[in-house]
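Descriptive analysis of the structure
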Amino acid sequence: MKYSIKVWIFTILASPLFLFLILGVFIHSTKFSEILEAWPMIGFMMIYGLVLSIPAMLVFWLIEEKLVDNSNNNKAKLILSAYSFISVWLTFYIFDKGFAEPGFQQIFWVVIYSLTIVLGVWIFKRTAEPEKNGHKS
């Protein structure tokens, strides 16, 4: 469970930051001080992302639990990466069916969130939790 929570929290916190930095600095040539003034919006995005991602992350946790005894860690991470990438697109689609219509920036949001969660899958270490009395803790 710790692995799933680490990936989830990383995605919730890092995605809005990456999005604002990439869109702001590199695409719109926004000054860094202007991005810092956007903290209320970034905070809102983090809370919104937390709430909207609960169902997808519960499924992520269930998949991860099924793969916990998998001795091939890379195979497990590939499965989790594929699920994560798809779940982000699906979540955006469910909550905003027209997310791809406005153009590049809306799709860019989904790409940033997708890549961030996949990055989280790979940067955190997956370990089997020790069993206590026949049950995982």
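For the structure itself, look to the data block above.
Presented here is a report on the structure given in the accompanying data block. (Residues numbered from 1 in each chain as written. Predicted model: local features only at pLDDT ≥ 70, side-chain atom pairs only at ≥ 80, totals over all residues. Heavy atoms only, no water.)

Looking now at the pattern of salt bridges. Taken as a whole, this structure holds one salt bridge when the rule is applied. The residue glutamate 64 makes a salt bridge to arginine 126 at a minimum N-O spacing of 3.0 Å. Linking glutamate 64 in helix H4 (residues 54–67) with arginine 126 in the loop between helix H6 (104–123) and strand E1 (131–132), this pair joins segments that are 62 residues apart in sequence. Accessibility classification places glutamate 64 together with arginine 126 in one group, the buried group. (Salt bridge = Lys/Arg side-chain N within 4 Å of Asp/Glu carboxyl O. Helix = DSSP H or I, 4+ residues; strand = E, 2+ residues; numbered from the N terminus. Buried < 20%, exposed > 50% of the residue type's maximum accessible area, 1.4 Å probe, protein only.)

Moving on: H4. For H4, spanning 14 residues, the distance from its first C-alpha to its last is 20 Å, which sits close to the expected 20 Å at 1.5 Å a residue. Turning to H4, its buried residues are Ala56, Met57, Phe60, Glu64 and Leu67. Projected onto a plane normal to the axis of H4, the buried residues spread over an arc of 90 degrees and lie on a single side. Away from its buried face by more than 90 degrees, H4 exposes Pro55 and Lys66. (Expected span 1.5 Å × (residues − 1). Arc of directions from axis to C-beta.)

Of note, serine 4 is situated in helix H1 (residues 2–27). Under the relative-accessibility criterion, serine 4 is labelled buried at 4%. With residues near it in sequence (within four places) discarded, serine 4 still touches Met57, Phe60, Trp61 and Glu64. (Contact = heavy atoms within 4.5 Å.)

With that out of the way, let us pick up the nonpolar core. Counting residues in each nonpolar core, the largest one holds 26 residues, and the members touching the most others are Val7, Leu19 and Phe60. Only H1, helix H3 (39–52), H4, helix H5 (73–95) and H6 provide two or more residues apiece to this core. Tallying contributions element by element places H6 first for this core, with seven residues. When residues no more than four places from it in sequence are discounted, the contact partners of valine 7 are Met57, Phe60, Ile117, Gly120, Val121 and Phe124. (Core = buried A, V, L, I, M, F, W, Y, C linked by side-chain atoms within 4.5 Å.)

Time to look at the environment of leucine 17. With respect to the element layout, leucine 17 can be found in helix H1. For the pair formed by leucine 17 and methionine 45, sequence separation is 28 residues and the distance between their alpha carbons is 9.5 Å. Beyond its immediate chain neighbours, meaning those up to four positions away, leucine 17 contacts Trp39, Ile42 and Met46.

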